[in-house]
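The chain contents come next:
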Amino acid sequence: MKQAGLCLHEQTGAFLGGTGMEQILSIVVRNQPGVLMRVAGMFSRRGYNIDSLAVGTTQNPEFSRMTVTMEADEPTVVQVCKQLAKLVEVEKVKVLPPKSSATRSMVLVKVHAGVKRMELLQLAEVFRAHAVDVTGESLIFVATGDEGKLKAFVDIMRPYGISEMVQTGLVALERGDTALAVEESRFQWPMADDARTI
């Protein structure tokens, strides 16, 4: 019932040495209620820890793409791929090679500005961060980039007094012409109207 090539496992430098390193899993799933719970539940049941998770609709609204990061060695991440492939809602899984993938996260940081408003705005420019709210005595900045850049931005803001912050999970695409695309599901699914009558 499973199609060959469902788990697209790339041998990359991330696996050299056999020690646990950050792995980036790109998972294409059917866009329907309960899928996130089933995927996250698989990780939980097997004792795998998710470091970050981001989900969004793909260019085909029938499918969503999950980007999961986790610390794992090669045998563990291969086992994760095999377990994900058993979920009927999962269409494709790929371990993205870190050195040839474009990765981004986003952080929103609310900082107490006071009389140092201009100083904070100038610091934000260094990180190409933008002020998205200047209400009252606080500023809210948005910054995008890799984990190192966002950590450095947050660290530089801490002495001024961070009152709130939130960060998204990592999103990633492999560089070049390679595409993890799904045109149609590997299974026959009932139409929405038909499903309500079952």
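Draft legend 1. Seen up close, the side chain of E174. Its place among the elements puts E174 in strand β10 (residues 171–174). Every residue in contact with E174, bar those within four places of it in the chain, is listed here: K94, L96, P97, S100 and S101.

Draft legend 2. Expanded view of unusual backbone geometry. Although it is not a glycine, R128 sits at a positive phi angle of roughly 55°. Mapped onto the fold, R128 is located in the loop between α3 (117–126) and β7 (130–133).

Draft legend 3. Structural detail: a nonpolar patch on the surface. A surface patch of nonpolar side chains, amounting to about 310 Å² of accessible area, comprises M106, L108, V132 and V166. Along the chain, L108 falls in strand β6 (residues 101–112). Given the relative accessible area of 31%, L108 is considered partly exposed.

Draft legend 4. Broad picture of the side chain of T69. Within the element layout of this structure, T69 appears in strand β4 (residues 63–72). Engagement of the side chain of T69 in a polar contact is seen with the side chain of S52, the distance being 2.7 Å. Apart from the residues within four sequence positions on either side, T69 is in contact with E22, Q23, I24, I50, D51, S52 and L170.

How each quantity is defined
- Residues numbered from 1 in each chain as written.
- Predicted model: local features only at pLDDT ≥ 70, side-chain atom pairs only at ≥ 80, totals over all residues.
- Heavy atoms only, no water.
- Helix = DSSP H or I, 4+ residues; strand = E, 2+ residues; numbered from the N terminus.
- Contact = heavy atoms within 4.5 Å.
- Patch = residues over 30% accessible without salt bridge, like charges linked within 9 Å, V, L, I, M, F, W, Y side chains within 5 Å.
- Areas by Shrake-Rupley, 256 points an atom, 1.4 Å probe, with all protein chains shown as cover.
- Salt bridge = Lys/Arg side-chain N within 4 Å of Asp/Glu carboxyl O.
- Buried < 20%, exposed > 50% of the residue type's maximum accessible area, 1.4 Å probe, protein only.
- Polar contact = N/O pair within 3.5 Å; in protein donor to acceptor, adjacent residues only side chain to side chain.

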